[in-house]
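Listed below are the residues making up each chain.
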Number of protein chains: 2
Amino acid sequence: MEFQGLFPIWDKLAPQHQQSILSSVISRRLPKGTVLHNGSADCAGFVLIKSGQLRAYILSEEGREITLYRLLEQDICLFSASCVLRSVQFEITVTAEKDTEVYIIPSQVYKTIMEESAPLANFSNELMASRFSDVMWLIEQIMWKSLDTRLARFLLEEAALEESDILKLTHEAIANHLGTAREVVTRMLRYFQNEGYVALTRGTVEITNSDALHDLADN
Amino acid sequence: MEFQGLFPIWDKLAPQHQQSILSSVISRRLPKGTVLHNGSADCAGFVLIKSGQLRAYILSEEGREITLYRLLEQDICLFSASCVLRSVQFEITVTAEKDTEVYIIPSQVYKTIMEESAPLANFSNELMASRFSDVMWLIEQIMWKSLDTRLARFLLEEAALEESDILKLTHEAIANHLGTAREVVTRMLRYFQNEGYVALTRGTVEITNSDALHDLADN
């Protein structure tokens, strides 16, 4: 898809701002596993996803992880331009979970236009509110939902993203998404297997009773 | 303090926007306990705090609470105008923790100006990024800090807000701030008392060894 078609408020931008974006935007391929953004260590820019999948997560000092949200085709990664907003006082990491193609508007160009353009500033506001909503949802999950519910939701979400009931996922990877310990995930997956919800083999989880997982996820 | 002096980007607003705000802003007294904002049920507007203290928190279906952040003198409550941003898909409650005086810019006025004014839109962006940072800090606390650390931090924060080492707080109230059960707080406070960090009487917690609490809080 062409850049202009992907950029949601393109028609609302002033011609000189469109011109400034078009002359600076770059296209990049991010092979699976690429770190696009790493806390305050870099500030690549405002990233639009052409195809693929990004994962945004936080890391503890001890190296534990928890997934904040995923970004798919046509989504926008705002925090890869976090240096633009001085009030962003947290560090997230964004990596490519699949081979991904992106457009990048360099941070300085984005910042300069946003300072002048109410449409771009308001659009950025909506983007941030949207990520904020993802994170608030996550807090509610962590605080008030039990791990079986969260694991069921995660497996169903993965199946939808991968369009397959056979998920190539280690217990360690699942633990890193959910922000818990591998042992805890293994125990819960074995319980799911005993109940007939999933079948486990080395490195894969196969969903065998999707209805039961949906019932759990709705809790 | 006068309204214009409290409003951080006043001088950057266009004269017609200043005029429109001045002719619509209202001043309100919120006695302690007043609910200023309650999820999606209302949308009072953009709230500037003249004096006092507000608390923003979320509620579970079962009535459990967790404090997201506090707002003090000169702070701004953006989410009491959450209807302005359609991507805000979460519900928070904001109440006055002390007798509080505020200025309110009605949501519709704020929305109309923000759509035209890059300075106001960018300022709102910074405000949201700042609250987002508070909430990310909270996630890290919940995920990766133990309850003794979180309780020590909370007691020290309260002592700073109240400018007193004798805190009028029930165990229930502390539990609602930290998003845990009363019994869990009671157990931890008794442990703190046995260690000589605090002295407990009905309805109060007195900090008796602030250094020890600081050591715990720094964990």
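For the structure, check the block above.
Here is a short report on the structure shown in this document. As the structure is a prediction and not an experimental result, all values here were calculated from the model.

Reading the values: rules and limits
- Every chain is numbered on its own, with residues counted from 1 as its sequence reads.
- Starting at A for chains and at 1 for ligands, labels are handed out in the order in which the entities are written.
- Per-residue local features of the predicted model are confined to residues with pLDDT of at least 70, and side-chain atom pairs are confined, for both listing and counting, to 80 or more; whole-chain, interface and lining totals are unaffected and use all residues.
- Each side-chain value is derived from all of the structure's non-hydrogen atoms; neither hydrogens nor water enter the calculation.
- Nonpolar core, defined: a set of buried Ala, Val, Leu, Ile, Met, Phe, Trp, Tyr and Cys residues in which side-chain atoms within 4.5 Å join the residues together.
- Here the term buried applies to any residue with accessible area under 20% of the maximum for its type, exposed to any over 50%, and partly exposed to those in between, with areas from a 1.4 Å probe on protein chains only.
- Here, two residues are considered to be in contact whenever any of their heavy atoms come within 4.5 Å of each other.
- Superposition of the copies used a least-squares fit over C-alpha atoms from residues whose pLDDT is at least 70 in both.
- A fitted line through C-alpha atoms serves as each axis, taken over the contacting stretch for helices, and the angle formed by two N-to-C directions is quoted from 0 to 180°.
- Numbering of helices and strands starts at the N terminus; helices are DSSP runs of H or I of at least 4 residues and strands are runs of E of at least 2.
- For this classification, under 35 degrees means roughly parallel, over 145 means roughly antiparallel, 65 to 115 means roughly perpendicular, and everything else is oblique.
- Two helices that cross are described as forming a left-handed crossing if the nearer one is turned anticlockwise from the farther one by less than a right angle, and a right-handed crossing if clockwise.
- Three classes are used, and their members are as follows: Ala, Val, Leu, Ile, Met, Phe, Trp, Tyr, Cys and Pro are nonpolar, Asp, Glu, Lys and Arg are charged, and the others, Gly among them, are polar.
- What counts as buried area is the accessible surface, traced by a 1.4 Å probe, that two parts surrender upon association, with contributions from both included.
- Take a side-chain nitrogen of Lys or Arg and a carboxyl oxygen of Asp or Glu: if they are within 4 Å of each other, that pair is a salt bridge.
- Whenever a nitrogen or oxygen atom comes within 3.5 Å of another N or O atom, the pair is scored as a polar contact, on the condition that within protein one atom can donate a hydrogen and the other can accept it, and that pairs from neighbouring residues in sequence are kept only if both atoms are in side chains.
- Centre distance within 6.5 Å is the pairing criterion for rings of Phe, Tyr and Trp, where only the six-membered ring of Trp is used; planes under 30 degrees apart are then read as stacked, over 60 as edge-to-face, and the remainder as tilted.
- Cysteine sulfur atoms that pair up within 2.5 Å are treated as a disulfide.
- Along the arc lie the directions from the helix axis toward the C-beta atoms.
- For two strands to be treated as a pair, DSSP must find at least two bridges joining them.

Points about the nonpolar core
Side chains of a nonpolar character, in soluble globular proteins, are inclined to be buried together.
Next up, step 1: Counting 109 residues, the largest nonpolar core has Phe7(A), Phe46(A), Ile92(A), Phe7(B), Phe46(B) and Ile92(B) as the members making the most contacts within it.
Next up, step 2: Among residues more than four places away in sequence, those in contact with Ile92(B) are Met136(A), His37(B), Asn38(B), Gly39(B), Ala56(B), Tyr57(B), Ile58(B), Leu68(B), Tyr69(B) and Phe79(B).
Next up, step 3: Listed in part, the 25 residues of the second largest apolar core include Leu151(A), Leu155(A), Leu200(A) and Val205(A).

Examining the relation of the copies chain A and chain B
Next up, step 1: Here chain A sits on chain B after a turn of 180° about the axis and a move of 0.0 Å along it, with an RMSD of 0.0 Å. As the rotation angle and translation indicate, the two copies are arranged about a two-fold axis. Among all residues of chain A, the one whose C-alpha sits closest to the rotation axis is Ala118(A), at a distance of 2.0 Å.

Some thoughts on the packing of helix H4 (residues 118-144) of chain A against helix H4 (residues 118-144) of chain B
Two packed helices can be described by the angle between their axes and the distance between those axes.
Next up, step 1: At a closest axis distance of 9 Å, the pairing of H4(A) and H4(B) adopts a crossing angle of 20°. One way to sum up the angle between H4(A) and H4(B) is to call them roughly parallel. The way H4(A) lies across H4(B) gives a crossing that is left-handed.
Next up, step 2: Its residues assigned to classes, the contact of H4(A) with H4(B) comprises 22 nonpolar, six polar and two charged.

Considering the interface of chain A and chain B
Next up, step 1: Contacts between the two partners involve 42 residues from chain A, matched on the other side by 42 residues from chain B.
Next up, step 2: Counting the surface lost from both chain A and chain B, the interface buries some 3500 Å², and carbon and sulfur atoms represent 71% of this.
Next up, step 3: Taken together, the connections running from chain A to chain B amount to zero salt bridges.
Next up, step 4: The interface formed by chain A and chain B includes 12 residue pairs in polar contact (both at pLDDT 80 or more).

A short note on the packing of aromatic side chains
Residues and elements named next belong to chain A.
Next up, step 1: The tally for this structure, following the rule as stated, stands at 25 aromatic pairs over all chains.
Next up, step 2: Taken together, a centroid distance of 5.9 Å and an interplanar angle of 75° make the contact between Phe7 and Trp10 edge-to-face. No difference in accessibility class separates Phe7 from Trp10, as the two residues are buried.
Next up, step 3: Ring centres 6.2 Å apart and planes at 55° place the aromatic pair Tyr191 and Phe192 in the tilted group.

Notes on the state of the cysteines
Residue and element names in this part refer to chain A.
Next up, step 1: Counting across every chain of the model gives two disulfides over all chains.
Next up, step 2: What pairs with Cys43 in a disulfide is Cys83, and their sulfur atoms sit 1.8 Å apart. The S-S bond linking Cys43 to Cys83 shows a torsion near -80°; that makes this disulfide left-handed. Highlighted residues: Cys43 in the loop between strand E2 (35-38) and strand E3 (45-51) and Cys83 in the loop between strand E6 (76-77) and strand E7 (93-96), separated in sequence by 40 residues.

A short note on helix H3 (residues 107-116) of chain A
Next up, step 1: Listing the buried residues of H3(A) in full gives Ser107(A), Val109(A), Tyr110(A), Ile113(A) and Met114(A). For H3(A), the angular spread of buried residues about the axis comes to 160°, placing them on one side. Away from its buried face, by an angle of more than 90 degrees, H3(A) presents the exposed residues Gln108(A) and Glu116(A).
Next up, step 2: For H3(A), the elements touching its buried residues are helix H2 (15-22), E3, strand E8 (100-106) and H4 of chain A together with H4 of chain B.

Some details on the pairing of strand E3 (residues 45-51) of chain B
All names here are of chain B.
Next up, step 1: In terms of burial, E3 is a largely internal element, six of the seven residues being buried.
Next up, step 2: The pairing of E3 with strand E8 (residues 100-106) spans six bridges and is classified as antiparallel. Pairing of Phe46 across the sheet is with Ile105, part of E8.
Next up, step 3: Pairing of E3 with strand E6 (residues 76-77) involves two bridges; the strand directions are antiparallel.

Let's talk about the sheet that holds E6(A)
Residue and element names in this part refer to chain A.
Next up, step 1: Ordered in space as E1-E8-E3-E6, the four strands form an open sheet in which the pairing is antiparallel. Strands at the two margins of the open sheet, each flanked by one partner only, are strand E1 (26-30) and E6.
Next up, step 2: Against the sheet, H3 contacts E3 and E8, and its axis sits at roughly 55° relative to E8.

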